[in-house]
Amino acid sequence: TRPRQAASASSPPATTSPRFRPTSPTHAPSWTRLPRRPRDCPPALRRSPSASASSCGVPRCPPPSKPPSLPRRSPPRPGSSRRRPRPQLAAWAAAIRAATRGATRIWVQVGTVREARVARAAAAPDVLVAQGQDAGGHGRYDAAGLAPLVPEVADALAGRSSSSRETQAQAQAPPPPVLLAAGGIADGRGLAAALCLGAAGAALGTRFLAAREAAVAPGYRATVLAAADGGRVTRRSGVYDALRGVVGWPAAYGGRGVANRSYVDEVVGGVGREENRRRYEEAVGRADDDGEGGWGPGVPFGGRLTAYVGNGVGLVREVMGAGEVTREVREEGVRVLRGVAGGKL
């Protein structure tokens, strides 16, 4: 057999496959195959892609040419015309207006500026509630606090601080809704702050858990009145929903409640979900017997049953009628604003 001769830069190979030709007159080891099919490569190179040019006497076949990659399309900017309104939200709002002949006012609660733009385009709500991170119950994990959220939502609804493309889309949108603030507001001082941030009013939740008209268990109400320092004693988590069997909330949402024994056992103590659910169901039975046993003394970490509250829970100190709460919050808010206007902080 004829000995195999390695290719070099100074001389061409002793035997050159007719399928290959040199790309330069000096026969440098840079070769281009004529038919661009995988079977055109020598068997040794097909079996060993890492083989050197001298392993079979001919330079390695160049890799097949790849089509040029297309530039990736950038995602649409929030509020731009490329973003389609949510069809479910649009259908829901249209069905309610049709069923009530326009008599029902549509309220939509949002947690981000993007959601505010989408809700306005899809449902044209009469009232838009901007819910901040301090809100109790279900809310977004990534929601901002009211101090940055409300002004930015107000600017977005008014078409300020937007690109020219977004401004054009805003001009074609329905009239801006009434903007309310929610999350951590429990008295007139919070209401005054919301008005200064650009909202037209406030929506309160935790404060009305202590109203006489609220249909809540005595143990739940006692937990609300006993809790203080909401940022320390509450947590937003999916544990509460999992133990109560509540499903259907998107992954971006969690429930804020008092950090009770169920939360601590699972998140801190490492108790498994099934065992934690068994303990929770036992606590439900005790609550059914005496009305309070499921919550237990001490806040936080006292009982096992869920008490959804916001970070403003420490400002709820007594049981009042719902009308009394409304008047007290409104009158205190007016006094605060008048004091600020008169230079009396």
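Everything that follows concerns the structure shown earlier in this document.
Residues numbered from 1 in each chain as written. Predicted model: local features only at pLDDT ≥ 70, side-chain atom pairs only at ≥ 80, totals over all residues. Heavy atoms only, no water.

(A) A look at the overall build of the protein chain. The helix and strand tally for the protein chain stands at 12 helices and 9 strands. For the protein chain, restricting intrachain contacts to residue pairs at least 6 apart in sequence, the fraction spanning at least 24 positions comes to 59%. Element-wise, carbon and sulfur atoms account for 54% of the exposed surface of the protein chain, whose accessible area totals about 19500 Å². (Helix = DSSP H or I, 4+ residues; strand = E, 2+ residues; numbered from the N terminus. Contact = heavy atoms within 4.5 Å. Areas by Shrake-Rupley, 256 points an atom, 1.4 Å probe, with all protein chains shown as cover.)

(B) Region of the structure containing the packing of aromatic side chains. All chains considered together, the criterion is met by 4 aromatic pairs. With a centroid separation of 6.1 Å and 25° between ring planes, the pair formed by Tyr240 and Tyr263 is classed as stacked. Of this pair, Tyr240 sits in helix 9 (residues 239-244) while Tyr263 sits in helix 10 (residues 261-268), and the two are 23 residues apart along the sequence. Here Tyr240 and Tyr308 contribute two aromatic rings whose centre-to-centre distance is 6.2 Å and whose plane-to-plane angle is 85°, an arrangement assigned as edge-to-face. (Phe/Tyr/Trp six-rings, centres within 6.5 Å; stacked < 30°, edge-to-face > 60°.)

(C) Spatial organisation of the sheet that holds strand 7 (residues 201-203). Taken together, the 4 strands give an open sheet; going across it, the order is 3-4-6-7, and neighbouring strands pair in parallel fashion. Since the sheet does not close on itself, it has two edges, and those belong to strand 3 (107-110) and strand 7, each with one partner. Neighbour-to-neighbour, the strand axes of this sheet turn through a mean angle of 35°, independent of strand direction. As paired strands, strand 3 and strand 4 (residues 127-131) are joined by 4 bridges and run parallel to one another. When the bridges of strand 4 are listed, Val108 appears paired with Leu128. Contacting strand 3 and strand 4, helix 3 (residues 113-123) crosses the sheet at an angle of about 155° to strand 3. (Pairing = 2+ DSSP bridges. Axes fitted to C-alpha atoms, helices over the stretch in contact; angles between N-to-C directions.)

(D) Focus on helix 7 (residues 218-226). Those residues of helix 7 lying buried are Gly219, Tyr220, Arg221, Thr223 and Val224. Contact partners of the buried residues in helix 7: strand 9 (253-258). (Buried < 20%, exposed > 50% of the residue type's maximum accessible area, 1.4 Å probe, protein only.)

(E) Broad picture of the nonpolar core. With 23 residues, the main nonpolar core has Tyr220, Val224, Trp295, Leu305 and Val309 as its most contacted residues. Mapped by element, the contributors of at least two residues to this core are helix 7, helix 9, helix 10 and helix 11 (273-290). Excluding its chain neighbours within four sequence positions, the residues that come into contact with Leu305 are Asn260, Tyr280, Ala283, Val284, Ala287, Gly294 and Trp295. Among the nonpolar cores identified, the runner-up in size contains 20 residues, and Val113, Leu179, Ala181 and Ala199 belong to it. (Core = buried A, V, L, I, M, F, W, Y, C linked by side-chain atoms within 4.5 Å.)

(F) Geometry of the packing of helix 6 (residues 188-197) against helix 12 (residues 322-341). At a minimum axis distance of 7 Å, the contact between helix 6 and helix 12 shows a crossing angle of 60°. If you check the angle between helix 6 and helix 12, you find them oblique. In the packing of helix 6 onto helix 12, the handedness of the crossing is right-handed. Of the residues in helix 12, those touching helix 6 at Gly188, Arg189, Leu191, Ala192, Leu195 and Cys196 are Val329, Arg330, Glu332, Gly333, Val336 and Leu337. (Parallel < 35°, antiparallel > 145°, perpendicular 65-115°, else oblique. Left-handed = near helix turned anticlockwise from the far one by under 90°.)

(G) The packing of helix 2 (residues 87-99) against helix 3, seen in detail. Direction vectors running N to C along helix 2 and helix 3 enclose 45°, while the axes themselves pass 8 Å from each other. Comparing the axis directions of helix 2 and helix 3 gives the class oblique. In this structure, helix 2 crosses over helix 3, and the sense of that crossing is right-handed. Counted together, Leu89, Ala90, Ala93 and Arg97 of helix 2 and Ala119, Ala122 and Ala123 of helix 3 form the full contact between these two elements.

(H) Main features of the side chain of Arg236. Relative to the elements of secondary structure, Arg236 occurs in strand 8 (residues 234-237). In this structure Arg236 is buried but unpaired, with Asp134 as the nearest side chain of opposite charge at 7.2 Å. Engagement of the side chain of Arg236 in a polar contact is seen with the side chain of Gln133, the distance being 2.9 Å. Within the local environment of Arg236, its side chain forms a polar contact with the backbone oxygen of Ala135, the two atoms lying 2.6 Å apart. Those residues in contact with Arg236, other than ones at most four positions away along the chain, are Gln133, Ala135, Gly137, His138, Gly139, Arg140, Tyr141, Gly254, Gly255 and Arg256. (Lys, Arg positive; Asp, Glu negative; His and termini not counted. Salt bridge = Lys/Arg side-chain N within 4 Å of Asp/Glu carboxyl O. Polar contact = N/O pair within 3.5 Å; in protein donor to acceptor, adjacent residues only side chain to side chain.)

(I) Local environment of the sheet that holds strand 9. With respect to topology, 3 strands assemble into an open sheet ordered 5-9-8, the strand pairing being antiparallel. The sheet is open, and its two borders are formed by strand 5 (137-140) and strand 8, each paired with just one other strand. Geometrically, the sheet is characterised by an average inter-axis angle of 35° between neighbouring strands, direction not taken into account. The pairing of strand 5 with strand 9 spans 4 bridges and is antiparallel. Considered in strand 9, the bridge of Arg140 is made with Tyr253.

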